[in-house]
Amino acid sequence: ATTIILDCDPGHDDAFAMLTAYGHPAIDLVAVTTVCGNQTVDLVTRNALAVGGLAGMTDVLFARGAEHPLVREHRAAPDIHGDTGLDGPPLPDPGAVTLDPRSADQLIVDLVMAAEPGEITLVATAPLTNLALALQREPLIAERVEGVAIMGGAVGQGNITPSAEFNILVDPEAAAAVFDAGWSVTMMGLEVSHQALATPEIRSRIAGLGTDIGVFADQMLEFFQARYLEHQGFESAPVHDLCPVVGLIDPTIFEFVRGPIAVETAGRLTDGRTVVDLRLPAGDDCRHRAGVGLDFDRFWDVVIDALSRLG
Ligand code: BDR
Ligand code: CA
């Protein structure tokens, strides 16, 4: 199994990423870390603990991370995720799932440095502030992880501005540091996440699981879909944050392009854009790739299989 730390801001699609990572036997989820993104770090941390409690994640470490981006003012996404960051389903008491006293970036450094080289993969489905702070705290993590898989960015158009996707736009300086760190980065951007649609057929399969997790997941999708229709015109909600998790479970579900990726931090119209250089075939030393296509049926089979293994 691939051992991962999931850095997230739940967030409906982040909650799906947590549940899928925990439920699937090909992933060993050792820690969930939180960061300000969809809502304040306090709210998304509460949400992460509640989702962890629901799924019985008592063997997973949880740590709270950055309260604000590296240099910018924080901007949240209440239009998509509501005032709590996870509006819709009632949130259970987290019970036995509690917070580690360490900060997210400290926990990431501790776990990566204690593990064997290449043992841990970092997965981020949120602004990249915690990963950037972890790199500042201990630059050697860049050599020690297997790689980094993120939901964020796009080869083409953004979703918050024509140029920028939310996770990158919230903290472009952090994103730039993560792409520049020398480790391998798989970017699952909007080209793939806009194909990860919870269609009516997928929703009925999830609701039909007949489990508490199935009910919770369907309640999340009900809210999420209404907001995506209202604000971005999607009939079915894109469950973005599943992409990097499913990509680690089975990379053959995706189509990738390889090329250097850089983040715009000083543009007037292009701030937060992920600039993917595909002009020439990538050199052997290129450690960046971007997902550009996915196999819809196999993608959801993996997710629903994982959810079905949870109670
Ligand atoms: C990303 O932004 C957040 O609102 C979602 O959770 C996802 O990580 C999509 O742009
Ligand atoms: Ca997210």
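Taking an unreviewed UniProt entry as the reference, the protein chain is identified by name as Ribonucleoside hydrolase belonging to Nakamurella alba.

Thoughts on helix H4 (residues 104–114)
By the burial criterion, the buried members of H4 are Ala-104, Asp-105, Leu-107, Ile-108, Val-109, Leu-111 and Val-112. Contacts made by the buried residues of H4 are with strand E1 (2–8), strand E2 (27–34), strand E3 (61–64), strand E4 (120–124), helix H5 (129–137) and helix H6 (141–144).

A few points about the UniProt feature "domain: Inosine/uridine-preferring nucleoside hydrolase" (unreviewed entry) in the protein chain
The feature "domain: Inosine/uridine-preferring nucleoside hydrolase" (unreviewed entry), as given by UniProt, occupies residues 4–301 in the numbering adopted here. Taken end to end, residues 4–301 is 38% helix and 18% strand, and its two terminal C-alpha atoms sit 21 Å from one another.

Digging into the sheet that holds E4
If you walk across this open sheet you meet the 8 strands as E3-E2-E1-E4-E5-E6-E12-E9, and the pairing is mixed. Whereas interior strands pair on both sides, the edge strands pair on one side only; in this sheet they are E3 and strand E9 (254–258). Recorded for the sheet is a direction-independent mean angle of 25 degrees between the axes of neighbouring strands. Contacts between helix H1 (residues 12–23) and the sheet are confined to E1 and E2, with E1 contributing the most and set at about 165 degrees to the helix. Contacts from helix H2 (residues 41–54) reach E1, E2 and E3 within the one sheet, and its direction differs from that of E2 by about 150 degrees.

Things to note about the packing of H5 against helix H8 (residues 172–179)
The geometry of H5 relative to H8 is characterised by a closest axis approach of 8 Å and an angle of 55 degrees between their N-to-C directions. In this view, H5 runs oblique relative to H8, as classed from their interaxial angle. Considering how the two elements wind past one another, H5 and H8 form a crossing that is left-handed. For the pair H5 and H8, contact is made by Thr-129, Leu-131, Ala-132 and Leu-135 and by Ala-174, Ala-177 and Val-178, respectively.

Here we look at helix H13 (residues 296–308)
Taking 1.5 Å as the rise per residue, H13 with 13 residues should run 18 Å; its terminal C-alpha atoms sit 18 Å apart, in good agreement. Those residues of H13 that fall on the buried side of the exposure criterion are Phe-299, Trp-300, Val-302, Val-303, Ala-306 and Leu-307. Down the axis of H13, the sector holding all buried residues measures 150 degrees, keeping them to one side. Those residues of H13 that are buried lie in contact with H1, helix H10 (200–207), helix H11 (212–232), helix H12 (242–249) and strand E12 (288–294).

A short note on the site of ligand 1
Near ligand 1 you find 15 residues, and of these Gly-11, Asp-13, Ala-77, Phe-166 and His-240 are the closest. Of all elements in the fold, only H1 and helix H7 (166–170) reach the threshold of two or more residues within the shell around ligand 1.

Some remarks on the environment of Pro-244
Here Pro-244 shows up in helix H12. For the pair Pro-244 and Val-192, spaced 52 residues apart in sequence, the C-alpha separation works out to 9.9 Å. In contact with Pro-244, other than residues within four places in its own chain, are Val-123, Thr-125, Ala-149, Ile-150, Met-151, Thr-186 and Met-188.

What counts and what doesn't
- Just so you know, the residues in each chain are numbered from 1, in the order the chain's sequence is written.
- Whichever chain is written first becomes A and whichever ligand is written first becomes 1, with later ones labelled in order.
- Given that this is a predicted model, residues contribute local features only at a pLDDT of at least 70 and side-chain atom pairs are listed and counted only at 80 or more, while totals for whole chains, interfaces and linings are drawn from all residues.
- Exposed residues have 12 or fewer other C-beta atoms within 10 Å of their own C-beta, buried residues have 20 or more, and partly exposed residues fall in between, where C-beta atoms are placed from the backbone.
- Helix and strand definitions here come from DSSP, where helices need a minimum of 4 consecutive H or I residues and strands a minimum of 2 consecutive E residues; each element is numbered from the N-terminal end.
- Contact definition: two residues whose C-beta atoms, as placed from backbone geometry, lie within 7 Å.
- UniProt positions are given in the numbering used here, feature names are shortened, and annotations may be inferred rather than shown by experiment.
- Should DSSP find at least two bridges between two strands, the strands are regarded as paired.
- Angles here are taken between N-to-C directions and fall from 0 to 180 degrees, while the axes themselves are lines fitted to C-alpha atoms, restricted in helices to the stretch in contact.
- Throughout, the term roughly parallel applies to angles under 35 degrees, roughly antiparallel to angles over 145, roughly perpendicular to angles from 65 to 115, and oblique to all others.
- Whether a crossing is left-handed or right-handed is set by the direction in which the near helix is turned from the far one by less than a right angle, anticlockwise for left-handed and clockwise for right-handed.
- In this scheme, a helix's expected span is set at 1.5 Å multiplied by one less than its residue total.
- Directions are taken from the helix axis to each C-beta atom, and the arc is the one they span.
- Each residue gets a C-beta atom placed from its backbone. Should that atom fall within 6 Å of a molecule or strand, the residue is termed near it.

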